[in-house]
Amino acid sequence: MCGIVGYAGTAAGPQAQDVVLEGLRRLEYRGYDSAGVALQTDGRLVTAKKAGKLARLVEFLDEDPLPPSVTGIGHTRWATHGAPTDANAHPHLGGDGTVAVIHNGIIENFASLKAGLLTDGVGFASQTDTEVAAHLLAKAYAETGDLPAAMCAVARSLEGAFTLLAVHADVPGTVVAARRNSPLVVGLGDGANYLGSDVAAFIGHTREAIEMGQDQVVTITASSVSITDFDGVPADGVHFHVDWDAAAAEKGGFPSFMAKEINEQPQAVADTLRGRVDPSGRLVLDELHIDETVLRSIDKIVIIACGTASYAGQVARYAIEHWCRIPCEVELAHEFRYRDPVVNEKTLVVAVSQSGETMDTIMAVRHAREQGARVVAVCNTYGSTIPRESDAALYTHAGPEIAVASTKAFLAQITACYLLGLYLAQLRGNKFADEISEIMGQLQAMPEKIQKVLDGIGQVRAMARWMADTRSVLFLGRHVGYPVAMEGALKLKEIAYIHAEGFAAGELKHGPIALIEPGQPVFVIVPSPRNRDVLHSKVVSNIQEINARGARTIVIAEEGDEDVVPYADDVIWIPPTPTLLAPLVTVVPLQVFACELATAKGLDVDQPRNLAKSVTVE
Ligand code: M6R
């Protein structure tokens, strides 16, 4: 949940304070309750930390800069233990200020460790679990005189999830770090090296990186990177090249990252499809390293995810069952993990996650694998924990998603899950080659259709502005429109702080219709009328029912669908799209609506209250 940065450079390069603050700016989406830095200078450590967003710390440092330094660490916090105050902000000091530590994760045995330290007469300055690690590291260094060895000893004594970064006053030019169950990547620079929760921390300096393994310690200086396990035995990380650059992590002229990422959706879908079909139209998923005989034998698919990723999974279920004729369940990862689910070696578990670091999903992946299931990760972050711990990974290529509200990742997740479903249908012979090729053609046409919706979005912007005082909004959909309705409601809750609920339209008469009173805004996602199937007529009936009770109906319907016009206060037209692919366009107006409404209310669209981009605690 927190963002961490480490830097070891030389006097020929930039100042540590600048590098660390730049990294924190790019990582602030991970948490913004407080921020702090610790720098090494002239045989001592200097620190600055402030509750609130990074801007408060920057303002403070502008007035009172820290002394020159080329080695430092920085932290942006999402509070778990202890309120978001100056005292609880990281870094935390140990050994009378000789050691500074920052931490992402939760140290589960901190209470017993703290009790031991208190007995030894150690004083505590904060309510955090992290401070325990700072005092332990100071003690271990005093005993060993070896900072990496001291970090190994501390890491072995901790339980839970942690990435720890530390600098010591007596070990110049060195940052040491340890990771277990929390992310950490190393950036390989020219005359400098970096550490970060993710590559955004150092993307302005280098695109060459090392993915750290589980239970490893890394020590960086300006000219070296050395990795060991927790026992000090040399270990390797996995080198990778980051395929996006610093510009991708900037707003690029948009008022918010969310607005930018909504506009990047045609590209996100196109990039996720790219390179996955051979010239004969056959789907090729080279990265799916699971034996074909195993994939042929699976008798159940379980999609596990949280939040928006789970709604992507719910959309995908309709297509996967339809194309592959394999039963497919979708479950919130935190519920799956604790209900003794029936999974075995014939179950394919699909773990969907933008960040790859959502702890609930990680725990569910581990549980599924313990039961013998094969796990495929659908993930947007290369080298993150979920793909690393899965049997195979199918990456979405949406590029970095910075806004806390997920948008382009949602479309890319649906796209990748569809590729997986079609691949299974191809492999198992549920679909003929020409059928697969036809659906692929339809998918490849989607970026253009999404762009068309974005080009005509002015009406939604205006609507959001005049609805800024609305207290409650309902969303209705059927079939694939149902998870889209829930996603529309989630967007509005999380960034505009408006009560919103998404319902299955058929459920309306079983209770929710009691909420309808004159003027109640209700968005309705209408299926394509082209087949004149029962799905379309049922939703039109639902619109009539709420219209008759005075609801303000905002209908998302396919161009030319005249049936909805008499009952709609507003119609948002979308281009003709096959039913299963429609979520890729119908969700777009809902995302824009939430973004514009939050903006109209003067809220921080990218950093909504109480939230963080990756939820790395259970
Ligand atoms: O990184 P993940 O996709 O695993 O994150 C899952 C959810 O935490 C995430 O989708 C969350 O619901 C978003 N803030 C929704 O916009």
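Everything quoted here is computed from the prediction, not taken from an experiment.

Quick notes on the rules
- Residues numbered from 1 in each chain as written.
- Predicted model: local features only at pLDDT ≥ 70, side-chain atom pairs only at ≥ 80, totals over all residues.
- Heavy atoms only, no water.
- Helix = DSSP H or I, 4+ residues; strand = E, 2+ residues; numbered from the N terminus.
- Polar contact = N/O pair within 3.5 Å; in protein donor to acceptor, adjacent residues only side chain to side chain.
- Contact = heavy atoms within 4.5 Å.
- Pairing = 2+ DSSP bridges.
- Axes fitted to C-alpha atoms, helices over the stretch in contact; angles between N-to-C directions.
- Domains from an automatic or database assignment.
- Expected span 1.5 Å × (residues − 1).
- Buried < 20%, exposed > 50% of the residue type's maximum accessible area, 1.4 Å probe, protein only.
- Salt bridge = Lys/Arg side-chain N within 4 Å of Asp/Glu carboxyl O.
- Core = buried A, V, L, I, M, F, W, Y, C linked by side-chain atoms within 4.5 Å.

Engineer: Break down the side chain of Gln-354 for me, citing the residues and quoting the values.
Structural biologist: As for its placement among the helices and strands, Gln-354 is situated in the loop between strand 17 (347–353) and helix 11 (359–370). In this structure the side chain of Gln-354 is engaged in a polar contact, spanning 3.2 Å, whose partner is the side chain of Asn-380. With residues near it in sequence (within four places) discarded, Gln-354 still touches Cys-379, Asn-380, Thr-381, Glu-401, Ala-409, Gln-413 and Lys-613.

Engineer: Talk me through the sheet that holds strand 23 (residues 552–558); I want residue IDs and the actual numbers.
Structural biologist: Within the open sheet, the five strands sit side by side as 21-20-22-23-24. Their pairing is parallel. Either end of the sheet is taken by a strand with one partner, and the two such strands are strand 21 (499–504) and strand 24 (570–574). Strand-to-strand twist across the sheet, computed as the mean angle between neighbouring axes with direction ignored, equals 20°. Across five bridges, strand 23 lies against strand 24 in parallel orientation. The residue of strand 24 that forms the bridge with Ile-554 is Asp-570. With respect to the sheet, helix 18 (residues 534–548) is in contact with strand 20 (472–477), strand 22 (521–525) and strand 23, its orientation differing from that of strand 22 by roughly 170°. The sheet strands contacting helix 19 (residues 583–600) are strand 20, strand 22, strand 23 and strand 24, and the helix crosses strand 22 at an angle near 155°.

Engineer: Which residues make up the domain arrangement of the protein, and what values do they have?
Structural biologist: What the domain assignment lists for the protein is domain 1 (3–248), domain 2 (251–444) and domain 3 (452–609). Taking only C-alpha atoms, the centre of domain 1 and the centre of domain 3 are 45 Å apart.

Engineer: Go over helix 4 (residues 130–144) with me, naming the residues and quoting the values.
Structural biologist: Over its 15 residues, helix 4 extends 21 Å from the first C-alpha to the last, a length consistent with the 21 Å expected when each residue adds 1.5 Å. Buried residues dominate helix 4, accounting for 11 of its 15 residues. In the core, the buried residues of helix 4 are packed alongside strand 5 (92–94), strand 6 (99–107), helix 3 (110–119), helix 5 (147–157) and strand 7 (160–168). Downstream of helix 4 by a residue or two, Gly-145 has a phi angle that is positive, lying close to 65°.

Engineer: Provide a residue-level description of the pattern of salt bridges, including the pertinent values.
Structural biologist: Using the criterion set out here, one finds 27 salt bridges in the structure. Residues Arg-26 and Glu-250 are paired through a salt bridge, measuring 2.6 Å at the closest nitrogen-oxygen approach. Of this pair, Arg-26 sits in helix 1 (residues 16–27) while Glu-250 sits in the loop between strand 14 (238–241) and helix 6 (257–263), and the two are 224 residues apart along the sequence. The class for Glu-250 is partly exposed, based on a relative accessible area of 25%. Through salt bridges that share partners, Glu-22, Arg-25, Arg-26 and Glu-250 make up one connected network.

Engineer: An account of the nonpolar core is requested, with residue identities and associated values reported.
Structural biologist: Ile-301, Tyr-418, Leu-492 and Phe-523 are the most contacted members of the largest nonpolar core, which totals 126 residues. For this core, the element with the most residues is helix 13 (residues 408–428), which contributes 13 residues. For Tyr-418, the contacting residues outside a window of four places in its chain are Val-315, Ala-316, Ala-319, Trp-323, Leu-443, Leu-580 and Leu-581. Counting residues in hydrophobic clusters, the runner-up holds 29 residues, among them Val-101, Ala-133, Ala-138 and Ala-140.

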